[in-house]
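So the chains spell out like this:
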Amino acid sequence: MTFVRPSVGVALCTYNGARYLQAQLDSILAQSEPVDEVVIGDDGSSDQTMALLQVFSSRAGAMGIRVEVVQHARNLGYILNFADALQRCRSDILFLCDQDDVWYVDRVATYLERFQADPGLLLLHSDARLVDGDGVALGGHLLEVLGVHPAEVELERSGRAIDSILLRNFVTGATCALRRSLLAEALPIAPCWSHDEWLAVVASLRDGLDMLARPTIDYRQHGNNQIGASRRGFMQRLRQLDLLDQQRRQRTAERLLGLDVLLQQHGVTLAPLGFPGLSALAWRMAWSRVQLYRRPDVSARWIAHDAPRLLARLLNVCLAGAGWIGVRAAAAGARAGWRMPR
């Protein structure tokens, strides 16, 4: 059988990123397995970003890499910017790329190996090493700082990724690569969802989501991150649960309704027939999480850290329209999860 290497594209989005951009561009060109194209969407930068991109285009072109730079007339925001860049890519495997990180030299080669070994794999992500603005290691990895338990990773890798994603997303766009075929189902991005979250949800419904447990990038932490990673105290985490602000609650409600529509479109049943629509989300969240809490390798300390998130998500579902049926669904799901054999 003749082996045909899939083509590799990069969707890179920039906005006033000149301070850190050069290191990222250099790391793309330094890959042990070269990329075939780089599509760059600039969201109206006013610093030296465009000048750096012009030099990069010449360097990449000399290496046989197709480069397309699109400078948007108005600021789209990072979600629409990434969606546009992805649609402009022509390659088989597409890497999402932030402007301020650094790729490890074997990142493309490592991902290609996984995609070639698993034809059903639609989206692959990884861990990341956290570094400061100067590129100095902060002594931690992304999944560690986010408090991701190995049991959550197992859910994702065992075909139950939706059970993990329902509670929270730890698929970080900067670590993602996907098959172009995923875009036909995943675009446009649903309202109030980030691009990486939505792509991961759609891939999970096709059992096409997986991760590499090791870092493949240096994930830079600085004051201008669109989305970063940091250890949060209890009050900070509470404020992030969307219950204390009406606008945030409304945004979460729109997210949940969009997810419910997607599940219906895919014919996915998450709960017994007596709990339709949003109440099925409540049942499934409680059922899945209680099972996880009963695992012998899940500590009481981790449960205490995670349980407020579960309760907040369940309340969000009820406030989004599930109402008291959602409360009953959550209670029934928790009981069913408790009765499941370990």
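Here the structure is shown first, and the text comes after it.
Each chain carries its own residue numbering, running from 1 in the direction its sequence is written. Local features in a predicted model are, by the rule used here, given only for residues with pLDDT of at least 70; side-chain atom pairs are given and counted only at 80 or more, and totals for whole chains, interfaces and linings are based on all residues. Excluded from the side-chain calculations are hydrogens and water; all other atoms, namely the structure's heavy atoms, are used.

**Quick word on the packing of aromatic side chains**
- Pairing of aromatic rings covers Phe, Tyr and Trp, the last counted by its six-membered ring, and requires centre-to-centre distances within 6.5 Å; plane angles under 30 degrees mean stacked, over 60 mean edge-to-face, and any other angle means tilted. Under the definition given, this model contains five aromatic pairs.
- Between phenylalanine 95 and tyrosine 111, the aromatic rings sit 5.3 Å apart at their centres with planes inclined by 50°, giving tilted as the arrangement. Within this pair, whereas phenylalanine 95 is found in strand 4 (residues 93–97), its partner tyrosine 111 is found in helix 4 (residues 107–117), the two being separated by 16 residues in sequence. With respect to burial, phenylalanine 95 and tyrosine 111 carry one shared label: buried.
- Centroid distance tyrosine 293 to tryptophan 302: 6.5 Å. Interplanar angle 70°. Geometry classified as edge-to-face.
- Residue exposure (1.4 Å probe, protein chains only): buried if accessible area is under 20% of the type maximum, exposed if over 50%, otherwise partly exposed. Overall, tryptophan 302 belongs to the buried group, its relative accessible area being 10%.
- Aromatic ring contacts, followed pair by pair, group Phe95, Trp103 and Tyr111 into a single cluster.
- Should the NZ of a Lys or the CZ of an Arg lie within 6 Å of a ring centre and within 35 degrees of the ring normal, that charge is described as sitting over the ring. For the cation-ring pair, arginine 107 lies above tyrosine 111, with the distance from its terminal atom to the ring centre recorded as 4.9 Å. Note on conventions: DSSP H or I runs of at least 4 residues are helices, E runs of at least 2 residues are strands, and numbering of each starts at the N terminus.

**Comments concerning helix 3 (residues 78–88)**
- Residues of helix 3 that are buried: Asn81, Phe82, Ala83, Asp84, Ala85 and Leu86.
- The secondary structure elements touched by the buried residues of helix 3 are strand 1 (8–14), strand 2 (37–42), strand 4, strand 8 (177–179), helix 8 (183–186) and helix 9 (195–205). Contact criterion: two residues are considered in contact whenever any of their non-hydrogen atoms come within 4.5 Å of each other.

**Digging into the environment of arginine 220**
- With respect to the secondary-structure elements, arginine 220 resides in strand 9 (residues 209–220).
- Residue arginine 220 is classed as buried on the basis of its relative accessible area of 7%.
- Linking arginine 220 and glycine 159, residues 61 residues apart in sequence, is a C-alpha distance of 31 Å.
- Only 2.7 Å separates the side chain of arginine 220 from the backbone oxygen of aspartate 100, close enough to count as a polar contact. For the purposes of these results, a polar contact is taken to be a pair of N or O atoms within 3.5 Å, where, inside protein, one atom must be able to donate a hydrogen and its partner to accept one; residues adjacent in sequence count only when each atom of the pair is a side-chain atom.

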